[in-house]
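The lines below spell out each chain.
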Amino acid sequence: MDWREQQPYARKQGESFDVKYTGSCYCGAVKFKASSDPVDAKFCHCTGCQSLHGAPMQWAAIFHKKDILFDEDALDNINFYDSENKQNVRHLPCKISCKQCRSPIADEGRNMMLMFPVAFKIDRRNIPHAFKPTCHIFYGQRVADIKDGMPKFEGHKDHSNKIEE
Ligand SMILES: [Zn+2]
Ligand SMILES: [Zn+2]
């Protein structure tokens, strides 16, 4: 089936979607909605995220695909990037950005969406609790120390050593 007919890019006809949050890329060409809070959120300090985001770390909020819906007119402006094979193709897992402004929007996994909270219309001085990171992963590759009391894993969450602050 074409990706344009699947979640999170489409819904079956007549299927309802309760909008809890809205968001978009920097320029607004790619808009989306969320129907729930994220199930978890994290900071990833891996060198891949650093390079792909041009930032010291990645901040991601995890949603089920059924809880995200991209606007229909956004689909032509979505760029898919398979960072493992370094190709602009939708081979999951892959990265989603805007073809116009190039801002990163999400990582699409096989079952989950890792949405980037800065793309949501939320108060950045008063972040909703569910978007707050619960841990740091790949902290062994960090370029900045963060003293926030959250668990810090050298690599993957729960599958690598913890690092003390
Ligand atoms: Zn854009
Ligand atoms: Zn990473």
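Everything quoted here is computed from the prediction, not taken from an experiment.

For the protein, the helix and strand inventory stands at one helix and 10 strands. For 165 residues, the compact-globule estimate of 2.2 N^0.38 gives 15 Å, and the C-alpha radius of gyration of the protein, at 16 Å, lies within 12% of that figure. Split into buried and exposed, the 165 residues of the protein put 47% on the buried side. Long-range pairs, those at least 24 residues apart, make up 52% of the contacts in the protein with a sequence separation of at least 6.

On to the coordination of the zinc ion (ligand 2). Taken together, the protein donors to the zinc ion (ligand 2) comprise Cys44 (SG), Cys46 (SG) and Cys49 (SG), at separations of 2.1 to 2.3 Å. Donor residues binding the zinc ion (ligand 2) come from one chain and are separated in sequence as C-x1-C-x2-C.

This part takes up the layout of surface pockets. In this model, the largest pocket occupies a volume close to 520 Å³. Looking at the largest pocket, it is lined by 24 residues, and the ones nearest its centre are Lys42, Asp107, Leu114, Ile137 and His156. Of all the secondary structure elements, the ones that give two or more residues to the lining of the largest pocket are β3 (40–44), α1 (47–53), β4 (58–64), β7 (94–98), β8 (104–108), β9 (112–115) and β10 (135–137). Ranked by residues supplied to the lining of the largest pocket, first place goes to β3 with three residues.

This part covers the UniProt feature "domain: CENP-V/GFA" (unreviewed entry) in the protein. Per the UniProt record, the feature "domain: CENP-V/GFA" (unreviewed entry) sits at residues 21–154. Secondary structure content for residues 21–154 is 5% helix and 33% strand, while the C-alpha to C-alpha distance between its ends is 32 Å.

If you look at the biggest cluster of nonpolar residues, it comprises 30 residues, and the most contacted ones within it are Phe70, Ile96, Ile105, Met115 and Phe120. At the level of elements, β2 (31–34), β4, β5 (68–70), β6 (78–81), β7, β8 and β9 are the ones that each hand at least two residues to this core. Here this core gets three residues from one element, more than from any other, and that element is β7. Residues Cys46, Cys49, Cys135 and Phe153 belong to the second largest nonpolar core, which totals seven residues.

This part takes up the environment of serine 97. Note on placement: serine 97 falls in strand β7. On the basis of relative accessible area, serine 97 is assigned to the buried category, the value being 16%. A C-alpha to C-alpha distance of 19 Å links serine 97 and threonine 47, two positions 50 residues apart in sequence. Discounting chain neighbours no more than four positions away, the residues touching serine 97 are Asn77, Ile78, Asn79, Arg102, Ser103, Pro104 and Ile105.

Protein-derived coordination of the zinc ion (ligand 1) comes from Cys25 (SG), Cys27 (SG), Cys98 (SG) and Cys101 (SG), at a distance range of 2.3 Å. Angles of 105 to 112° at the metal separate the four donor atoms of the zinc ion (ligand 1), which places the site in the tetrahedral class. On the primary sequence, the residues serving as donors to the zinc ion (ligand 1) are separated as C-x1-C-x70-C-x2-C. With a gap of 71 residues between them, cysteine 27 in the loop between β1 (21–24) and β2 and cysteine 98 in strand β7 connect regions that are remote in the sequence.

Scoring rules and cut-offs
Residues numbered from 1 in each chain as written. Chains lettered and ligands numbered in written order. Predicted model: local features only at pLDDT ≥ 70, side-chain atom pairs only at ≥ 80, totals over all residues. Heavy atoms only, no water. Helix = DSSP H or I, 4+ residues; strand = E, 2+ residues; numbered from the N terminus. Rg over C-alpha atoms; globule rule 2.2 N^0.38 Å. Buried < 20%, exposed > 50% of the residue type's maximum accessible area, 1.4 Å probe, protein only. Contact = heavy atoms within 4.5 Å. Donors = N, O, S within 2.8 Å, 3.2 Å for Na, K, Ca; no water. 1 Å grid on protein atoms, 1.4 Å probe; cavity = no way out; pocket = protein on both sides within 12 Å on 5 of 7 lines; lining within 4 Å. Points joined across faces, edges and corners; volume = space filled by probe spheres on them. UniProt positions renumbered as here; feature names shortened; annotations may be inferred. Core = buried A, V, L, I, M, F, W, Y, C linked by side-chain atoms within 4.5 Å. Tetrahedral: all angles 85-135°; square planar, octahedral: opposite > 155°, others 65-115°.

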